[in-house]
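What follows is the residue order along each chain.
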Amino acid sequence: MVIVIGLFILTILALAAPLELLPPKVDGHDVTQILTDDKLFQQYFDCVMGRTKCTPGGQIVKDGIPAQLKDGCANCPPIRRIGAQIIVRFMIATRCPQYEEFEKKYDPQQKLRKLYAA
């Protein structure tokens, strides 16, 4: 019984941990704020898609895309892999048209979707 309770607690912690492990700020904005605020999200998305000039934080996100696509960011710090997983899952669930546009440009083989969406 103790093992079952322990596994339950570990599962809860594993599901909650990724949000807590994200860098708290990008360009002074909370990451969850960027994902949920339409205007902020669109600014970062336009940067990544090459439609507008990037902020320093947006440029870091954009520059990290090749590493994510190459090998799932195997040599990146865990916090960056977790952040990418959260962003991909969020976009697929709530911003599918933008994610499909991103895939057409960067990931036509859908490597990130297969790696992180499961």
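All residue numbers refer to position in the chain's written sequence, counted from 1. Two thresholds apply to this predicted model, a pLDDT of at least 70 for residue-level local features and 80 or more for giving and counting side-chain atom pairs, whereas whole-chain, interface and lining totals are computed over all residues. Excluded from the side-chain calculations are hydrogens and water; all other atoms, namely the structure's heavy atoms, are used.

**Thoughts on the pattern of salt bridges**
In what follows, salt bridge is the name for a side-chain nitrogen of Lys or Arg lying within 4 Å of a carboxyl oxygen of Asp or Glu. In the structure shown here, the tally under the stated rule is four salt bridges. A salt bridge links Asp46 to Arg51, with the nearest nitrogen and oxygen atoms 3.0 Å apart. Taking the shortest distance from any N to any O, the salt bridge between Glu101 and Arg51 comes out at 2.3 Å. With a gap of 50 residues between them, Glu101 in helix 7 (residues 96-106) and Arg51 in the loop between helix 3 (38-48) and helix 4 (56-63) connect regions that are remote in the sequence. With relative accessibility at 30%, the residue Glu101 sits in the partly exposed group. One salt-bridge network, in which partners are shared between bridges, spans Asp46, Arg51 and Glu101. Numbering of helices and strands runs from the N terminus, with a helix taken as a DSSP run of H or I at least four residues long and a strand as a DSSP run of E at least two residues long. Only protein chains enter the calculation, and the probe is 1.4 Å; a residue is then buried if its accessible area is under 20% of its type maximum, exposed if over 50%, and partly exposed in between.

**Section: the environment of Gln59**
With respect to the helices and strands, the residue Gln59 is situated in helix 4. With a relative accessible area of 32%, Gln59 lands in the partly exposed category. Excluding residues that lie within four positions of it along the chain, Gln59 makes contacts with Cys47 and Cys54. Contacts are residue-level and defined by heavy atoms, with any inter-residue pair within 4.5 Å sufficient.

**Points about the nonpolar core**
We define a nonpolar core as any set of buried Ala, Val, Leu, Ile, Met, Phe, Trp, Tyr and Cys residues linked to one another through side-chain atoms lying within 4.5 Å. Of all hydrophobic cores here, the largest spans 19 residues; its most connected members are Phe45, Ile65, Val88, Tyr99, Phe102, Tyr106 and Leu112. At the level of elements, helix 2 (31-36), helix 3, helix 5 (65-71), helix 6 (78-94), helix 7 and helix 8 (111-116) are the ones that each hand at least two residues to this core. Counting residues per element, this core draws most heavily on helix 6, which supplies six residues.

**Examining the packing of helix 6 against helix 7**
Throughout, an axis means a line fitted to C-alpha atoms (over the contacting stretch in the case of helices), and angles, computed between N-to-C directions, take values from 0 to 180 degrees. The N-to-C vectors of helix 6 and helix 7 enclose an angle of 120°; their axes lie 6 Å apart at closest approach. In this view, helix 6 runs oblique relative to helix 7, as classed from their interaxial angle. Contact residues: helix 6 offers Val88, Met91, Ile92 and Thr94, while helix 7 offers Cys96, Gln98 and Tyr99. Looking at the contact of helix 6 with helix 7 residue by residue, the classes come out as five nonpolar, two polar and no charged. Any angle that is under 35 degrees is reported as roughly parallel, and any over 145 degrees as roughly antiparallel; angles of 65 to 115 degrees are reported as roughly perpendicular and all others as oblique. All residues other than Ala, Val, Leu, Ile, Met, Phe, Trp, Tyr, Cys, Pro, Asp, Glu, Lys and Arg, Gly among them, are scored as polar; the first ten of these are nonpolar and the last four charged.

**Overview of the packing of aromatic side chains**
Side-chain rings of Phe, Tyr and Trp (the six-membered ring for Trp) are treated as a pair once their centres are within 6.5 Å; stacked means planes under 30 degrees apart, edge-to-face means over 60, and tilted covers the remaining angles. As enumerated under the stated definition, the model contains three aromatic pairs in all. Look at Tyr99 and Phe102: their rings are 5.7 Å apart centre to centre, the planes differ by 35°, and that puts the pair in the tilted class. Note that Tyr99 and Phe102 are positioned in helix 7 at a spacing of three residues, about one turn of the helix. Taken individually, Tyr99 and Phe102 each receive the classification buried, so the pair is uniform in this respect. Between Phe102 and Tyr106, the aromatic rings sit 5.1 Å apart at their centres with planes inclined by 35°, giving tilted as the arrangement. Of this pair, Phe102 and Tyr106 both sit in helix 7, four residues apart, which is roughly one turn of the helix. Both residues of the pair, Phe102 and Tyr106, count as buried. Here the aromatic cluster, defined as three or more aromatic residues joined through ring pairs, consists of Tyr99, Phe102 and Tyr106. Lysine and arginine charges are scored as sitting over a ring when NZ or CZ, respectively, is within 6 Å of the ring centre and within 35 degrees of the ring normal. Across the ring face of Phe41, the terminal group of Arg95 is positioned such that the distance to the ring centre comes to 4.0 Å.

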